[in-house]
Each structure stands twice: as structure tokens, then as C-alpha cells.
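# Tertiary structure, described
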Amino acid sequence: MSAPYRIGYGEDAHRLEAGRPLVLGGVPVPHAPLGAVAHSDGDAALHALADALLSGLALGDIGQYFPDTAAECKDLDSAVIVARALELVRGRGYRPVNVALVVTLDRPKLGPLRAAIARRMAELLSLPETEVGVSFKTSEGLAPAHVQARATVLLARLDP
Ligand code: C5P
Ligand code: MG
């Protein structure tokens, strides 16, 4: 008998460079001095979320489904990655209940985007936005050209 609840956890990081866009949780960050160096759109928050969804059911990680060497993954919208992970979770008979996301970034301050990021991530998971908690941290200057995201997700069995 499979467990009624399962926990998933995921992380992602990207190097930042000037002259590139920065997208977090599906939301473009205006006035970001640095943007993500990535094969896809470099959305560390959505990559961490997708890995959290997959890990909760031991389904591996996003690199197995979307290799960063694949031409079709170039500039890929990370919403597609989350949608695929969600489909796999549902295929196993589970649904996400709530998400906790932590983004570590020195600049800019992301507080003004908290509601938009929660709303967009909730929308991608078909959840109310109250089920997505979003926290921000700086690296205290230790990693100024770096963005890091960590996500936990609770999964519940659909037919408990
Ligand atoms: O990293 P530190 O604890 O100094 O961050 C203080 C606060 O600044 C955080 O609790 C968060 O509210 C905010 N913050 C932010 N955007 C960031 C980093 C931190 O809004 N990029
Ligand atoms: Mg990534």
C-alpha cells in the first residue's frame, strides 16, 4: 500500500551574468543587474519545483526528461518542465498539496514579486496561491553572481 503523503525536495542554481534576463517562478524580474546563464530559460525556482515533484515519488530528476544538451531544450520555458513533472506525479496517483520555496539572490530585492511568484507557481500546479510559500534570502555577499532555489512539496494520494 503506497503512503497517503510523500515529501519531495529539489534544488537548482544558476550562474548570473550581465545582459541576460532573470526569471524566477515564471515571473520576469525587472531591473535585475544580472541574469541566468542557462540552456533553458534558467528559472531556478521552477527547476527546483520540478525536481521536488519528481523526487517525492522517486521519479528521478529533470535532467533525465529534459537533458541540457538537447537542442529542443534550448531556451525552453520551464513551465513545460513543471507541467511534465506534474503529469508524472498525477500518473502515479498523487497531487501536490503545498509548496515551500526559498530563493537565495543578492540583488535585486524580490519581496515586491512574492505574490506574483506564488500566484504563478500555484497556477502551474492548479493550487490556490495560499498553498505556495515563498521566502527570499541574500547570500550575504558570498555569492553575488549566483541564484539558488530550494523547494519542498507535499504530495497526497488521490484515492486515500
Ligand atoms: O538574507 P537576509 O536574511 O539578509 O535577507 C533579509 C530579507 O530580505 C529576507 O528575509 C527577505 O525578506 C528579503 N530579501 C528579498 N529579496 C532578496 C533577498 C532577501 O526581498 N533577493
Ligand atoms: Mg536550472
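Keep in mind it's a predicted model, so treat the numbers as computed, not measured. (Residues numbered from 1 in each chain as written. Chains lettered and ligands numbered in written order. Predicted model: local features only at pLDDT ≥ 70, side-chain atom pairs only at ≥ 80, totals over all residues.)

## Focus on the sheet that holds strand E5 (residues 94–104)
Quick reminder of the rule: Any two strands are treated as partners once DSSP identifies two or more bridges connecting them. Secondary structure elements are defined from DSSP: runs of H or I of at least 4 residues count as helices, runs of E of at least 2 residues count as strands, and each element is numbered from the N terminus. Contact definition: two residues whose C-beta atoms, as placed from backbone geometry, lie within 7 Å. Lines fitted to C-alpha atoms define the axes, with helix axes restricted to the stretch in contact, and inter-axis angles between N-to-C directions lie between 0 and 180 degrees.
Read across the open sheet, the five strands follow the order E4-E1-E7-E5-E6; overall the sheet is mixed. Since the sheet does not close on itself, it has two edges, and those belong to strand E4 (35–36) and strand E6 (132–137), each with one partner. Lying over the sheet, helix H1 (residues 44–55) contacts strand E1 (5–17), E4, E5 and strand E7 (146–157), oriented at roughly 155° with respect to E1. Here helix H4 (residues 114–125) sits on the sheet in contact with E5 and E6, set at roughly 140° to E6.

## Notes on the UniProt feature "binding site: 4-CDP-2-C-methyl-D-erythritol 2-phosphate" (unreviewed entry) in the protein
Rule in force here: UniProt positions are given in the numbering used here, feature names are shortened, and annotations may be inferred rather than shown by experiment.
According to UniProt, the feature "binding site: 4-CDP-2-C-methyl-D-erythritol 2-phosphate" (unreviewed entry) maps to Asp12, Ala13, His14, His39, Ser40, Asp61, Ile62 and Gly63 in the numbering used here. Within the secondary structure layout, Gly63 lies in helix H2 (residues 62–65).

## Details of the site of ligand 1
The line we're drawing: As a rule, any residue with its backbone-derived C-beta atom within 6 Å of a molecule or strand is reported as near that molecule or strand. In this classification, Asp, Glu, Lys and Arg are treated as charged, Ala, Val, Leu, Ile, Met, Phe, Trp, Tyr, Cys and Pro as nonpolar, and every other residue, Gly included, as polar.
Near ligand 1 you find Leu105, Lys109, Leu110, Gly111, Phe136, Lys137 and Thr138, and these make up its full shell. A per-class count over the shell around ligand 1 returns three nonpolar, two polar and two charged.

## Here we look at the environment of Asp159
Applicable threshold: Counting other C-beta atoms within 10 Å of a residue's own tells you its class, since 20 or more makes it buried, 12 or fewer makes it exposed, and anything in between is partly exposed; those C-beta atoms are placed from the backbone.
Within the element layout of this structure, Asp159 appears in the segment after E7. The exposure class assigned to Asp159 is exposed, which follows from the 7 C-beta atoms found within 10 Å. For Asp159 and Gly93, which are 66 residues apart along the polypeptide, the C-alpha to C-alpha distance reads 7.5 Å.

## Let's talk about the nonpolar core
Test applied: In plain words, the nonpolar core is the set of buried Ala, Val, Leu, Ile, Met, Phe, Trp, Tyr and Cys residues that C-beta atoms within 7 Å link up.
Leu24, Ala45, Leu49, Ala50, Leu53, Leu101 and Met121 are the most contacted members of the largest nonpolar core, which has 45 residues in total. Breaking this core down by element, the ones donating at least two residues are strand E2 (23–24), H1, helix H3 (78–91), E5, H4, E6 and E7. Top contributing element to this core by residue count: H1, with nine residues. Sequence-distant contacts of Met121, defined by excluding residues within four places in its chain, comprise Gly25, Gly26, Leu49, Val99, Leu101 and Val132.

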